[in-house]
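Next come the chains, spelled out residue by residue.
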Amino acid sequence: MTTTGVTLSMKLVIDKKAQLLLFAEASKDVVDFLFSLLALPVATAVKLLGKESMVGCVGNLYASVDKLNSAYVQGGVVKDALLCPTVFSFGNSLLGLPEKTLHSITLLNTLSVKDVGDLQEKTVQLGYNEGLAILKASLQSKTVLTDVFLADKKAHGGRA
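Being a predicted model, the structure only gives us computed values, none of them experimental. (Residues numbered from 1 in each chain as written. Predicted model: local features only at pLDDT ≥ 70, side-chain atom pairs only at ≥ 80, totals over all residues. Heavy atoms only, no water.)

Draft legend 1. Structural context of the sheet that holds strand S1 (residues 8-15). Spatial ordering of the open sheet is given by S2-S1-S3, a layout of 3 strands whose pairing is antiparallel. In the strand order of this sheet, the two ends are held by strand S2 (20-26) and strand S3 (119-126), each with one partner. Averaged over all pairs of adjacent strands, the angle between strand axes in this sheet comes to 30 degrees, irrespective of strand direction. Of the strand pairs in this sheet, S1 and S2 are connected by 6 bridges, and their pairing is antiparallel. Paired with Met 10 across the bridge in S2 is Ala 26. Those strands touched by helix H1 (residues 28-38) are S1, S2 and S3, and its axis lies near 85 degrees from that of S1. (Pairing = 2+ DSSP bridges. Helix = DSSP H or I, 4+ residues; strand = E, 2+ residues; numbered from the N terminus. Axes fitted to C-alpha atoms, helices over the stretch in contact; angles between N-to-C directions. Contact = heavy atoms within 4.5 Å.)

Draft legend 2. How the structure looks around the environment of Gly 56. Examined against the element boundaries, Gly 56 turns out to sit in the loop between helix H2 (42-49) and helix H3 (58-67). Judged by its relative accessible area of 68%, Gly 56 is exposed. Spatially, the C-alpha atoms of Gly 56 and Gln 140 are 9.8 Å apart, while their sequence positions differ by 84 residues. (Buried < 20%, exposed > 50% of the residue type's maximum accessible area, 1.4 Å probe, protein only.)

Draft legend 3. Representation of helix H6 (residues 128-138). Turning to H6, its buried residues number three or more, namely Gly 131, Leu 132, Ile 134, Leu 135 and Ala 137. Those residues of H6 that are buried are in contact with H1, H2, S3 and helix H7 (144-149).

Draft legend 4. Structural view of the environment of Ala 18. Take Ala 18: it is sitting in the loop between S1 and S2. Considered as a pair, Ala 18 and Asp 118 are 100 residues apart in the sequence and their alpha carbons are 8.7 Å apart.

Encoded structure:
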């Protein structure tokens, strides 16, 4: 996800029967992108997603700071620094890959997959819109990738 329009891709393994995302396989760039979402200041997330899409009071807090008269900001803190904070990068990914095949078999066993025929591999693209959807879902859900990439199927009776 860059401003140049370059998209990243990720492979998803889906249990078709349960409409549940079991795991995702991604490049270092995708992992770095997902980790960078964790480093976003809340104000940046609000600014990207909009105050209306925030659950709880985060959107209200952002709006209050935005409306706050600069005379009330203590200690020389600049209001813009609160509303438009600087985002930093993780640089190199912290994750290394175990041998892929063994890891996949172990994961399938852990997830109690009985019929490999129920599995589907799906490659998805991560662009700007998907990045915003992932950010929004990460603030509202525990099943982020399922919500973002299987949402249309979930709405039609899936359990995921």
